[in-house]
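Geometric and topological summary
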Amino acid sequence: MKKVIEVLRPLILQPFTLSGGLLQGERKINNFFISFSDALVCIFSHYKISGKKEVILMPNFYCIETLNFISKYLNIIFYKVNDDFSIDKNNYFQQIIKYQPRIILNYSFLGFSLSPEEKIRLVKLCNKETIFIDDFAHKILSTSEISPINENHFYIDSIRKHCSLLGAHLINRHFHYSRRDVELINWYKIKCELTYLMYRVLIFFIYIFNSTKIYSISEKVFIKFNSFIGEPPNKATMGGLSFYIYNFIDFKKIIKHNKSIILTFHKHFNKIKNKNFKILPRETLELSSLINYYPVFIEDKIQSSFIEHLSKNKIFPWRLWDLVKTPYLSELNTKLYTSFLVFPVNWQISSRDVEYIYDEVNKFFCMKKDYE
């Protein structure tokens, strides 16, 4: 029986450990929020950031829903992301010099990094009031990656992107907000928790019964959940039980497994020779902090038929972000939004699953000779 291959991470099937998590000494329950956007709201509220007078510098390849949300608080200026996901560092620093942003948000799909020399330059270009936010929403954040350049340097993840729990860590040892800026409970939090619990139950049943019908139902529930998560009320909302459970998941084992699966994808997909299908070099994958996805570049004209063929075989790749309505469309790297799909990488994906995915992808291009 064919296995449903999707972003399935049933919590009970994850590896666990009693030796502690990857963020030992950095996590605080008061700095654990329902979503990435809730954490942002708390920062904005604490620093009294509102209106369009202050500037935030962001990459021009980013979640559009989050862009639209941030635009309610700040004037967005972009730095350029190249077509291979790398950051145009010259443009990054030029924009800082030109606009002197109050907030600089660092994000790259493959991982954002600065050399020691670039960090020194960044500190010299900014003042003590500049806020830095490193977005780890698509990464697994660990203590080894935390190296703040000032007291206003934040790291924020989104744990639902790499496990079945709901929440976002805000990491900054110097950050102490007013309790009036957050709410422990409200309707938004209840709605998020209940809808996401329903989704988690469904993905467990997908795994147990290997059912595409249940998968279709879970997708509808997730779309509903995604329509209100990240759109919090005026006050941010703290997380709950997920904070404690997260510390017992063995992410060291998961990261090792996921990196192996990513390289297994590359080994097989490197055999496909078709002008409409491209992958990243092995060296790029090895140097990146990519953990949860394996990206493939597919010509936009064949993506629909490609996805249709795979979905008939219980394989469900997807676009990272869709080009939804936004006033920033002309400033974004629209090519990246439409040029690639991601395959899931998680504890439930095995090397044998990757071989099966490769066989179906190869079969698609063998059948579609007109795509050569």
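Attention in this report is confined to the structure presented alongside it. Model, not experiment: these values are computed from the prediction. (Residues numbered from 1 in each chain as written. Predicted model: local features only at pLDDT ≥ 70, side-chain atom pairs only at ≥ 80, totals over all residues. Heavy atoms only, no water.)

Let's talk about the nonpolar core
Grouped together as the largest cluster of nonpolar side chains are 94 residues, with contacts concentrated most on Phe 61, Tyr 92, Phe 109, Phe 269, Phe 343 and Val 361. Dropping the residues within four chain positions of it, Phe 269 is found in contact with Phe 277, Ile 279, Tyr 294, Val 296, Phe 343, Ile 357, Tyr 358 and Val 361. Listed in part, the 19 residues of the second largest apolar core include Ile 34, Leu 166, Phe 225 and Ile 229. (Core = buried A, V, L, I, M, F, W, Y, C linked by side-chain atoms within 4.5 Å. Buried < 20%, exposed > 50% of the residue type's maximum accessible area, 1.4 Å probe, protein only. Contact = heavy atoms within 4.5 Å.)

Some points on the packing of aromatic side chains
Per the stated rule, a full pass over the model turns up 49 aromatic pairs. Between Phe 225 and Phe 228, the aromatic rings sit 6.2 Å apart at their centres with planes inclined by 80°, giving edge-to-face as the arrangement. With Phe 225 and Phe 228 both in helix H6 (residues 212–228), this residue pair falls 3 residues apart, about one helical turn. For Phe 225, a relative accessible area of 0% translates into the label buried. Here Phe 228 falls in the buried class, since its relative accessible area comes to 11%. Aromatic side chains Phe 269 and Phe 277 sit 5.5 Å apart centroid to centroid with 80° between the ring planes, which places their arrangement in the edge-to-face category. (Phe/Tyr/Trp six-rings, centres within 6.5 Å; stacked < 30°, edge-to-face > 60°. Helix = DSSP H or I, 4+ residues; strand = E, 2+ residues; numbered from the N terminus.)

Structural notes on empty space enclosed by the protein
Summed over the entire model, instances satisfying the criterion amount to 1 cavity of 30 Å³ or more. In this structure, the largest cavity encloses a volume near 30 Å³. Residue lining of the largest cavity: Arg 9, Gln 14, His 162, Ile 254, Asn 258, Asn 292, Val 345, Asn 346 and Trp 347, and that is the complete set. When the residues that make up the lining of the largest cavity are grouped by side-chain class, the tally is 3 nonpolar, 5 polar and 1 charged. (1 Å grid on protein atoms, 1.4 Å probe; cavity = no way out; pocket = protein on both sides within 12 Å on 5 of 7 lines; lining within 4 Å. Points joined across faces, edges and corners; volume = space filled by probe spheres on them. Nonpolar A, V, L, I, M, F, W, Y, C, P; charged D, E, K, R; others polar.)

Notes on the sheet that holds strand E12 (residues 340–344)
Sheet strands associate in pairs through backbone hydrogen bonding, adopting either a parallel or an antiparallel arrangement. On the basis of which strands lie adjacent, the open sheet formed by 3 strands has the order E10-E11-E12 and antiparallel pairing. Each of the sheet's edge strands pairs with one partner strand only, and the pair in question is strand E10 (277–278) and E12. Of the strands in this sheet, E10, strand E11 (293–298) and E12 are in contact with helix H8 (residues 251–269), which crosses E11 at around 30°. (Pairing = 2+ DSSP bridges. Axes fitted to C-alpha atoms, helices over the stretch in contact; angles between N-to-C directions.)

Structural notes on the layout of surface pockets
Considering only enclosed or pocket space, the largest pocket measures out at about 1400 Å³ in volume. As for the largest pocket, its lining consists of 42 residues, of which Arg 160, Phe 222, Asn 226, Leu 320 and Trp 321 are closest to the centre. It is H6 that provides the largest number of residues to the lining of the largest pocket, a total of 6 residues. Split by residue class, the lining of the largest pocket holds 22 nonpolar, 10 polar and 10 charged. If you add up the space inside the second largest pocket, you get close to 670 Å³. Where the lining of the second largest pocket is concerned, the elements lending two or more residues are helix H4 (116–125), strand E5 (131–136), strand E6 (153–157) and helix H9 (282–287). At 4 residues, E5 tops the list of elements feeding residues into the lining of the second largest pocket. Of the residues contributing to the lining of the second largest pocket, the split by class is 12 nonpolar, 11 polar and 7 charged.

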